[in-house]
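Listed below, chain by chain, are the residues.
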Amino acid sequence: MRRIRVAAAQLGPIQKAETREQVVARMIALMDEAAGKEGGKGADFIVYPELALTTFFPRWYHADRAEADEWFEAQMPGPQTQPLFDRAREHGMAMSFGYAELTPDGHHFNTSILVDKSGAIVGKYRKIHLPGHDEFDEERAFQHLEKRYFEPGDLGFPVWRMLGGIFGMCICNDRRWPETYRVMGLQGVEMVVLGFNTPSVNSQKGEEGIEQRMFHHRLSLQAGAYQNATWVVAVAKAGSEDGHHLMGGTMIVDPDGFIVAQLGHEDDGVLVHDCDLDATRFGKETIFDFARHRRIEHYGLITERVGAEPPPE
């Protein structure tokens, strides 16, 4: 078995007034907890949410888009985040977390990184499926301005070798798109890690509340895991941020699509589970043996067409 101990480190709400230092201290506390779980044998790998360092700022409208730059990180690690990297290296723990990235040449991305046990960044992913809108929308119950503050990711869906396995990343809305998992599945991914900040109510459909949104959350994770024979580790930032509620739903899904562990609250908390990467082999060698069963000559529309085009009447 290639067993790794994974800690899904959920964060409760981060209020607008909280500093980076305060948030990093909370992340370190969760890491310390994960390091001492299960009779002293700590986690090998800790996963934090999307935009782990700040409140979910795309709910706030800035007429001058540059005013939102205060939420972005111009370097990683920087002075405020270096203590997190230092503690991870002390524990010998790999990690992944999301943040708003401002590149040296002025580009803005919703980003997640993969950090090995030595504290070195070994992988970077930039969110591709950006939800929401780019201008103030009076018809919405609240704003969701990711398309205003972020550019679509430009790195694709790569995977990386780490901890004796093959790991990939995606972020929040990416989990709803089957192409996300399949592109990584075609690279042999064995664990997909993702963070999310998901409002508990649909801003354009008020009757769609937390029960329906949690159903679709689970459905997306379980389908992606099963159809690509991969572990999926999904980690929430949850609770009420300055009056805006984010749902929980931190969970770990096995390569057969079963939820094997989940948190039932919306506070800071650590969910630890032993994941055998060899458990991905059966699915990859049988029903989802892509080399034997895929028929790419029939899949052309997936990359040729963006929007749906019904047949002529």
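The rules behind these values
Residues numbered from 1 in each chain as written. Predicted model: local features only at pLDDT ≥ 70, side-chain atom pairs only at ≥ 80, totals over all residues. Heavy atoms only, no water. Pairing = 2+ DSSP bridges. Helix = DSSP H or I, 4+ residues; strand = E, 2+ residues; numbered from the N terminus. Axes fitted to C-alpha atoms, helices over the stretch in contact; angles between N-to-C directions. Contact = heavy atoms within 4.5 Å. 1 Å grid on protein atoms, 1.4 Å probe; cavity = no way out; pocket = protein on both sides within 12 Å on 5 of 7 lines; lining within 4 Å. Points joined across faces, edges and corners; volume = space filled by probe spheres on them. Nonpolar A, V, L, I, M, F, W, Y, C, P; charged D, E, K, R; others polar. Parallel < 35°, antiparallel > 145°, perpendicular 65-115°, else oblique. Left-handed = near helix turned anticlockwise from the far one by under 90°. Expected span 1.5 Å × (residues − 1). Buried < 20%, exposed > 50% of the residue type's maximum accessible area, 1.4 Å probe, protein only. Arc of directions from axis to C-beta.

> Sorry if this is basic, but what is going on with the sheet that holds strand 13 (residues 259-262) here?
Paired through their backbone hydrogen bonds, the strands of a sheet run either parallel or antiparallel. Pairing is mixed in the open sheet, where six strands are placed in the order 6-7-8-9-12-13. Edge positions in the sheet fall to strand 6 (159-162) and strand 13, since each has one partner strand and no second. Strand after strand, the sheet turns through a mean of 20 degrees between neighbouring axes, direction not considered. Judged from the three bridges that link them, strand 12 (residues 251-253) and strand 13 form a sheet pairing that is antiparallel. Of the residues in strand 13, the one forming a bridge with Val253 is Ile259. Strands in contact with helix 4 (residues 178-185) are strand 6, strand 7 (165-171), strand 8 (191-196) and strand 9 (231-236); relative to strand 7, the strand with the most contacts, it is inclined by about 160 degrees. Across the sheet, helix 5 (residues 210-228) is in contact with strand 8, strand 9, strand 12 and strand 13; its angle to strand 12 comes to roughly 30 degrees.

> Explain the sheet that holds strand 4 (residues 108-115) here, please?
What the six strands build is an open sheet, ordered 5-4-3-2-1-14; its pairing is mixed. A strand with exactly one partner marks an edge of an open sheet, and here the two such strands are strand 5 (121-126) and strand 14 (269-276). On average, adjacent strands in this sheet sit at an angle of 25 degrees to one another, irrespective of strand direction. Pairing analysis gives three bridges linking strand 2 (residues 45-47) to strand 3 (residues 94-102), with the strands arranged parallel. Bridging across to strand 3, Ile46 finds its partner in Met95. Set on the sheet, helix 1 (residues 20-35) makes contact with strand 1 (3-10), strand 2, strand 3 and strand 14; between it and strand 14 the angle comes to about 45 degrees. Packing of helix 2 (residues 82-91) onto the sheet brings it into contact with strand 3, strand 4 and strand 5, and relative to strand 3 it is tilted by some 165 degrees.

> Whenever I open this one, the layout of surface pockets confuses me. Can you help?
Where empty space is left becomes clear once a probe the size of a water molecule has been rolled over the atoms. Here the largest pocket defines a volume of roughly 370 Å³. For the largest pocket, the lining is made up of 20 residues, of which Pro131, His144, Arg176, Asn202 and Arg213 are closest to its centre. Within the lining of the largest pocket, the residues separate by chemical class into five nonpolar, nine polar and six charged. Estimated volume of the second largest pocket: approximately 300 Å³. Lining the second largest pocket are 13 residues, with Glu179, Arg182, Arg294, Tyr299 and Ile302 sitting closest to its centre. If you list the elements that add at least two residues to the lining of the second largest pocket, you get helix 4, helix 5 and helix 8 (301-304). Of the residues that constitute the lining of the second largest pocket, the class distribution is six nonpolar, four polar and three charged.

> Sorry if this is basic, but what is going on with empty space enclosed by the protein here?
Summed over the entire model, instances satisfying the criterion amount to one cavity of 30 Å³ or more. As a volume, the largest cavity reaches approximately 50 Å³. Lining of the largest cavity is provided by Val47, Tyr48, Pro49, Glu50, Ser96, Phe97, Gly98, Ser112, Val193, Leu194 and Gly195. Only strand 3 and strand 8 provide two or more residues apiece to the lining of the largest cavity.

> How should the packing of helix 4 against helix 5 be read in this particular structure?
The description of two helices packed together rests on the angle between their axes and the distance between the axes. Running from N to C, helix 4 and helix 5 cross one another at 25 degrees; their axes reach a closest spacing of 9 Å. It follows that helix 4 is roughly parallel to helix 5 by the angle criterion. Of the two possible hands of crossing, helix 4 and helix 5 adopt the one that is right-handed. Across the interface between the two elements, Tyr181, Arg182 and Gly185 from helix 4 touch Ser220, Leu221, Gly224, Gln227 and Asn228 from helix 5. Grouping the constituent residues of the contact of helix 4 with helix 5 by class yields two nonpolar, five polar and one charged.

> Quick question: what am I supposed to make of the side chain of His217 here?
You can see His217 is positioned in helix 5. Other than its neighbours up to four places away in sequence, His217 contacts Arg175, Arg176, Phe196, Ala234, Met247, Gly249 and Met251.

> Before we go on, may I ask you to explain helix 5 in this structure?
Every α-helix winds through 3.6 residues per turn, so residues three or four apart in the chain are directed the same way. Spanning 19 residues, helix 5 covers 27 Å between terminal C-alpha atoms, matching the ideal 27 Å at 1.5 Å per step. For helix 5, the set of buried residues is Arg213, Met214, His217, Ser220, Leu221, Gly224, Ala225 and Asn228. Here the buried residues of helix 5 occupy an arc of 125 degrees about the axis, which is enough to place them on one side. On the buried face of helix 5, the contacting elements are helix 4, strand 8, strand 9, strand 12, helix 6 (281-285) and helix 7 (290-293). Ala229, located one to two residues past helix 5, shows a positive phi value of around 50 degrees.

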